[in-house]
Amino acid sequence: MTKTRLIVETDTTPALPRFVKLRHDKGRDRWIMLAPERILTPDPIAVEVLNLCDGEKSVGEISNHMAEIYNAPIDVIEKDIKAMLQDLADKGFLIS
Amino acid sequence: MIEAGDNNSADLCAVAPMGLLAELTHRCPLQCPYCSNPMELERSSGELSTEDWARVFKEAGELGILQTHLSGGEPTVRKDLEEILKAAVDAGIYTNLITAGVLLSRERLEGLVDIGLDHVQLSVQHVDAKLADKIAGFKGGYSKKVELAKWVKELGLPLTVNSPMHRHNVEYLEEIIEFAVKLGAERLEVAHIQYYGWAFENRHTLIPTKEQVYRNADTVDEARERLKGIMSIDFVVPDYYAVRPKPCMGGWGSSFMTISPTGKVLPCHAAASIKGLEFENVKDRHLRDIWLHSSSFNKYRGTDYLPDPCKSCEFREIDFGGCRCQAFMFTGDAKNTDPACSKSSFHKDLLEIAERESKLEPKEFLYRKFTKQPQPTK
């Protein structure tokens, strides 16, 4: 088996692998990502993006959606989202 | 003060632990001479029952624990591992199985996955089968591990390969990295062993040279870049060659706890090496009360107790003075600065010992095993 690095592009359809669990930490009232030996605490906007990562919507579609909601320029939003998702991919926490 | 039964969850969670190392048993088919279990291993007759562990995990989930490491010894020695795992899963806790991998059948692993196991961490002593088996003191272990790794991937679980590093595999880091990639591991832990307990007894035979460790660091840097998005690598140097101490457990009693096979609740798995500390048992008290009120947790919480050079050090809130166990071992007082820190007056002794011993002829391993004398039960 040869795994390759996932490069996040506009047409990538990102998803969280089964072993990465995004859930609400009730006691601390925050969202967390649970992964092997790691606990990440994404901020509320990142959580919104992650919840859209269903393996069907593309990064472009997700960015459009976020740009609309936050009334922000699409190119800025898409750049931020790509950077965030690439970081997750490089940690091994994102598939497509 | 918060007691069990209180509903003040916000207050509690501000200080609630996130990780729990569950040492389900000290029994293990392997006898690695650097085992992190205490020298005085706890016998199976005193181990917590299935019901005890089920209750512990329920309490742990309520307390805020998010991840657990089902470990040992070898956790798969326990016939009730399935029920214990289920209790952790039911409590919403992310579950890691830390295993030597030599006792698990594919069927049993499949059952664990069905219950909800999230992740497997497999120990690999060496890439050379013969040397691997010699280090572990167990014949045929290596090939079983390779088989288990294959099953883990087939069942869609993430895999961490854990290769504790020392003089007998330090020159094989590149091969270990390639081996882990081939197994399909998402993570590789190549932490140099730290010299407590069994490893301390074998230090003269296990400690590598400073140059070897630094070369390892370069190898890891290169591999991390090359393997971005394919496999992540955790690397830890031996304290003896460190300049700053590691922030042990992220601070004593700050986010982590260990429960021993007989139910003792420890701030870290080696804490029993500190003489004079008293540990409470999950059989006697709610986990939350132990976390909040146990004298062993409160004794070294925070940084106020730290004397100089920690007291006036700018890194005090970053490394919390390092490791209490090592401070105790070398200075006789656990509240002192960890000698791994270059500001400790004991630091030069530590380095001198390491440099001298790393050049000695290795002796036979003192393998980890149960002592002949049964331990007195409390």
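Shown above is the structure to which this text applies.
Residues numbered from 1 in each chain as written. Chains lettered and ligands numbered in written order. Predicted model: local features only at pLDDT ≥ 70, side-chain atom pairs only at ≥ 80, totals over all residues. Heavy atoms only, no water.

*Asks:* Honestly, the state of the cysteines in this entry has me stumped. Any pointers?
*Replies:* Put plainly, a disulfide is one covalent bond tying together the sulfur atoms of two cysteines. Residues and elements named next belong to chain B. Applying the stated criterion to the full structure yields 0 disulfides over all chains. Not part of a disulfide, cysteine 32 finds its nearest cysteine sulfur in cysteine 28, a span of 6.7 Å. For cysteine 32, a relative accessible area of 11% corresponds to the buried category. Of the cysteine sulfurs around cysteine 268, a residue in no disulfide, the closest is that of cysteine 325, at 3.8 Å. Given a relative accessible area of 5%, cysteine 268 falls into the buried group. (Disulfide = S-S within 2.5 Å. Buried < 20%, exposed > 50% of the residue type's maximum accessible area, 1.4 Å probe, protein only.)

*Asks:* Would you mind showing me how to read the interface of chain B and chain A here?
*Replies:* Counting residues at the interface gives 31 residues for chain B, matched by 21 residues for chain A. Interface area for chain B against chain A, summed over the two sides, is near 2200 Å², with a carbon-plus-sulfur share of 53%. Applying the counting criterion to the chain B and chain A interface returns 2 salt bridges. The interface formed by chain B and chain A contains 13 residue pairs in polar contact (both at pLDDT 80 or more). Every element with two or more residues in the side of chain B that touches chain A is listed here: helix 1 (9-14), strand 2 (67-71), strand 3 (94-99), strand 4 (119-123), helix 7 (173-183) and strand 6 (187-191) of chain B. (Contact = heavy atoms within 4.5 Å. Buried area = accessible area lost by both parts, 1.4 Å probe. Salt bridge = Lys/Arg side-chain N within 4 Å of Asp/Glu carboxyl O. Polar contact = N/O pair within 3.5 Å; in protein donor to acceptor, adjacent residues only side chain to side chain. Helix = DSSP H or I, 4+ residues; strand = E, 2+ residues; numbered from the N terminus.)

*Asks:* What exactly am I supposed to notice about the packing of helix 2 (residues 50-63) of chain B against helix 3 (residues 81-90) of chain B here?
*Replies:* Helix packing geometry: the angle between the two helix axes and the distance between the axes. Residues and elements named next belong to chain B. Following both chains from N to C, one finds helix 2 and helix 3 inclined at 15 degrees, their axes separated by 8 Å at the closest point. Comparing the axis directions of helix 2 and helix 3 gives the class roughly parallel. Both helix 2 and helix 3 take part in a crossing whose hand is right-handed. Residues Thr50, Trp53, Ala54 and Phe57 of helix 2 form the contact with helix 3, whose participating residues are Glu83, Ile84, Ala87 and Ala88. Among the residues forming the contact of helix 2 with helix 3, the class breakdown is 6 nonpolar, 1 polar and 1 charged. (Axes fitted to C-alpha atoms, helices over the stretch in contact; angles between N-to-C directions. Parallel < 35°, antiparallel > 145°, perpendicular 65-115°, else oblique. Left-handed = near helix turned anticlockwise from the far one by under 90°. Nonpolar A, V, L, I, M, F, W, Y, C, P; charged D, E, K, R; others polar.)

*Asks:* How should unusual backbone geometry be read in this particular structure?
*Replies:* Across the chain, the bulk of peptide bonds are trans and the bulk of non-glycine residues have phi less than zero. Each neighbour pair has its own omega, and for B:Gly72 with B:Gly73 the value is 10 degrees, a cis peptide bond. Its location among the elements puts B:Gly73 in the loop between strand 2 and helix 3. Residue B:Pro309 is bonded to the preceding B:Asp308 through a cis peptide linkage, with omega at 5 degrees. The phi dihedral of A:Asp29 is positive, around 45 degrees, even though this residue is not glycine. In this structure, A:Asp29 sits in the loop between strand 1 (21-25) and strand 2 (30-35). For A:Glu37, which is not a glycine, the phi torsion comes out positive at approximately 60 degrees. Along the polypeptide, A:Glu37 turns up in the loop between strand 2 and strand 3 (38-40).

*Asks:* I'm lost on the sheet that holds strand 5 (residues 159-162) of chain B in this one. Help?
*Replies:* Two pairing modes exist for strands in a sheet, parallel and antiparallel, and in both the strands are linked by backbone hydrogen bonds. All names here are of chain B. With mixed pairing, the 9 strands of this open sheet are ordered in space as 7-6-5-4-3-2-1-8-9. Looking at the sheet topology across the chains shown, the edges are occupied by strand 7 (232-236) and strand 9 (265-266). Relative to strand 4, strand 3 runs parallel, the two sharing 4 bridges. Counted as the bridge partner of threonine 99 is leucine 122 from strand 4. Helix 10 (residues 210-226) contacts strand 6 and strand 7 of the sheet and is inclined by roughly 165 degrees relative to strand 7. (Pairing = 2+ DSSP bridges.)

*Asks:* Would you take a moment to explain the pattern of salt bridges for this structure?
*Replies:* Side chains that differ in charge, positive against negative, can pair when their charged atoms come close. In the structure shown here, the tally under the stated rule is 32 salt bridges over all chains. Between A:Arg28 and A:Asp25 there is a salt bridge, with its nearest N and O atoms 2.9 Å apart. Owing to a relative accessible area of 16%, A:Arg28 belongs among the buried residues under this scheme. The exposure class assigned to A:Asp25 is buried, which follows from its relative accessible area of 4%. The residue B:Glu47 makes a salt bridge to B:Arg27 at a minimum N-O spacing of 2.9 Å. With B:Glu47 in the loop between strand 1 (19-23) and helix 2 and B:Arg27 in the loop between strand 1 and helix 2, this residue pair connects regions lying 20 residues apart in the sequence. Judged by its relative accessible area of 13%, B:Glu47 falls in the buried class. Taken together, the salt bridges that share partners define one network made up of A:Arg38, B:Arg187, B:Glu189 and B:Asp234.

*Asks:* Sorry if this is basic, but what is going on with helix 3 (residues 74-91) of chain A here?
*Replies:* Each turn of an α-helix holds 3.6 residues, which means side chains three or four residues apart point in the same direction. All names here are of chain A. The end-to-end C-alpha distance of helix 3, which contains 18 residues, comes to 26 Å, matching closely the 26 Å that a straight helix rising 1.5 Å per residue would cover. Among all positions in helix 3, only Ile77, Glu78, Ile81, Leu85, Gln86, Leu88, Ala89 and Asp90 are buried. Elements in contact with the buried residues of helix 3: strand 2, strand 3, helix 1 (44-52) and helix 2 (59-69). Following helix 3 by one or two positions, glycine 92 has its phi on the positive side, about 90 degrees. (Expected span 1.5 Å × (residues − 1).)

*Asks:* Honestly, the side chain of B:Arg167 in this entry has me stumped. Any pointers?
*Replies:* Residue and element names in this part refer to chain B. Looking at the secondary structure, you find arginine 167 in the loop between strand 5 and helix 7. No salt bridge is formed by the buried arginine 167. Its closest oppositely charged neighbour is glutamate 361, at 6.7 Å. At 2.9 Å, the side chain of arginine 167 forms a polar contact with the backbone oxygen of glutamate 357. Residues within four places of arginine 167 in sequence aside, it is in contact with His204, Thr205, Leu206, Ile207, Pro208, Glu357, Ser358, Leu360, Glu361 and Pro362. (Lys, Arg positive; Asp, Glu negative; His and termini not counted.)

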